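Survey of secondary and tertiary structure
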Amino acid sequence: MKLWNRLMCYCRRRSPWLFHMNSGSCNGCDIEIIASLTPRYDAEQLGVRLEGSPRHADILCVTGPVTHNAVEAIKTVYGQVYGPKAVIAIGSCPATTNVFIDSRTLAGPLNLHIPVDVFVPGCPPRPDAIILGVAKAAAILAARGNKPAAVASEPEVVGECAGNCTCCESNAKEVQA
Amino acid sequence: MNILITSLARLLIFPGLVFAVPAAWFFLWVERKAVARMQGRIGPPFMQPFYDFIKLVGKDTPQRTGASGMLMKAWPLIAVSAAAGAVGLLPVLPASGGFQGDLILLLALLEVPSMCIIAAGFSSRSIFGEIGSAREAVLSVSYNVVFLLAIISIAASQHTFRLDTLAQLPASPLRWLGIAAILVCLPAKLHLNPFSLPNAEQEIYSGPMTEYAGPELAMWELSHGLEWVAATGLVATLIAPQLTLWWVAALVFVALSFFIVLLLSVVASATARLQIDTTVRFYWQCTLIFAVLAVASALFMRLRA
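Report on the accompanying structure. Just so we're clear, the structure is a prediction, and the values are computed from it rather than from any experiment. (Residues numbered from 1 in each chain as written. Chains lettered and ligands numbered in written order. Predicted model: local features only at pLDDT ≥ 70, side-chain atom pairs only at ≥ 80, totals over all residues. Heavy atoms only, no water.)

Focus on the side chain of A:Thr97
Residue and element names in this part refer to chain A. Summarising the element assignment, Thr 97 is placed in the loop between α4 (92-96) and β5 (118-120). Its relative accessible area of 6% is what places Thr 97 among the buried residues. Those residues in contact with Thr 97, other than ones at most four positions away along the chain, are Pro 65, Ser 92, Leu 106, Gly 108 and Pro 109. (Helix = DSSP H or I, 4+ residues; strand = E, 2+ residues; numbered from the N terminus. Buried < 20%, exposed > 50% of the residue type's maximum accessible area, 1.4 Å probe, protein only. Contact = heavy atoms within 4.5 Å.)

The structure is reproduced here in structure tokens:
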């Protein structure tokens, strides 16, 4: 039984299937997700597959600043992904609502609505940062084991925008001023 | 008693389950890897289909209630067992009588997974599943006529419906024609690219599989892999030269199947998906004429002999 669990964790780490959901994104991050599957970056080496149906996915990739219209859709799709599952917020929009901060059409950021495990900030993030985020999320799935995962204790932040970059915030201030 | 043991060994060990399941994973990997190499990518690691299978088995199982829920659970299991049975029937080793190498039973079992896919899409009640099932049904009506005519022409020209006897007879030019017709049908049977209509990802998500998750999806993946083994194995048995040493025969069988998988994957990655009406027209207009000619000449040869 212990061996089976270890095998299961190993396989979960090596087979992350993604479902990509746009919650009002400008398409910048969506293009970068596709770029991470193309020949230059080739995320399939990690076992990544972009699935058409959320039922098949392990990892939900959300882009966009979460508009009011998208909230119910996000909750529905999150419910349609069968566990164990993880959520990646791709781009600065789902993390902070980015330049659209305080807009009356938004209900973001994403972690008000569903638990987020990995943030990949950037406007848009580079494909290698997205792949790193997917690898982190797959490692989180494996580390949780068979315990039902409600919320990640501490969401991870990956990519070159993580921590030391203030471009999005200063953009937001500029727009507001 | 001896016959019982050998036929059980064939069904369970070679070319049955113990061989077929790893071979299914291997062929799924070859397909993905070949597509990746054709696109200039490196592609998934060798064990990828195995990792996917184990991961899917460990995921949560959907709650299904009522008759349609039970049916939805049953379809993937029926598909897997039929495909595994079809692989077990392939006369790779010299035959020992019984069902081994019975062409009609083999064709029937090869058809069951696609029936299950059609039924699964309709019982899932998802709009994408229903569109996918309708496409699969239309596709199977088109390619099966050609597929069956090709096999009938091979069988009629050599006076037998047993695959083991067919494999032992020397190949006539007519048989090569039939094999070419079968190869044209295989992409449609395996949902590969010029004819990948039922699971067209960019149009209808995953088609009939849209509502499946976890262990049930793992069974569908496995049945797809077993279909690969059975369908390529059928062609490999028809092509393979007759060999006396059993292990050389097994090796030649595996190598031939591998090359057919490679060929189909390369064709799949080099082509784009056709529309459903173009596909149906292709099978009914171009290939059907070819298949009818093959059957007619087979019957003519038989009457003259």
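Now, onward.
Re helix α3 (residues 48-57) of chain B
Counting buried positions along α3(B) gives 8 out of 10 residues, so the element sits mostly inside the fold. By the burial criterion, the buried members of α3(B) are B:Gln48, B:Pro49, B:Tyr51, B:Asp52, B:Phe53, B:Ile54, B:Lys55 and B:Leu56. Summarising the contacts, the buried residues of α3(B) are in contact with α1 (2-14), β1 (17-22) and β2 (49-50) of chain A together with α2 (17-38) and α10 (214-239) of chain B.

Thoughts on the sheet that holds strand β4 (residues 86-90) of chain A
Residue and element names in this part refer to chain A. Spatially, the 6 strands line up as an open sheet ordered β2-β1-β3-β4-β5-β6, and their pairing is parallel. At either end of the open sheet lies a strand with only one pairing partner, and these are β2 and β6 (156-157). As defined by bridge partners, β1 adjoins strand β3 (residues 59-63) across 5 bridges and the pair is classed as parallel. Bridging from a neighbouring strand, Met 21 pairs with Val 62 of β3. The strands touched by helix α3 (residues 68-80) within the sheet are β1, β3 and β4, with β1 carrying the most contacts at an inclination of about 170°. Sitting on the sheet, helix α5 (residues 127-144) touches β1, β3, β4, β5 and β6, and the angle it makes with β5 is about 180°. (Pairing = 2+ DSSP bridges. Axes fitted to C-alpha atoms, helices over the stretch in contact; angles between N-to-C directions.)

So yeah, pure geometry; function would need other evidence.
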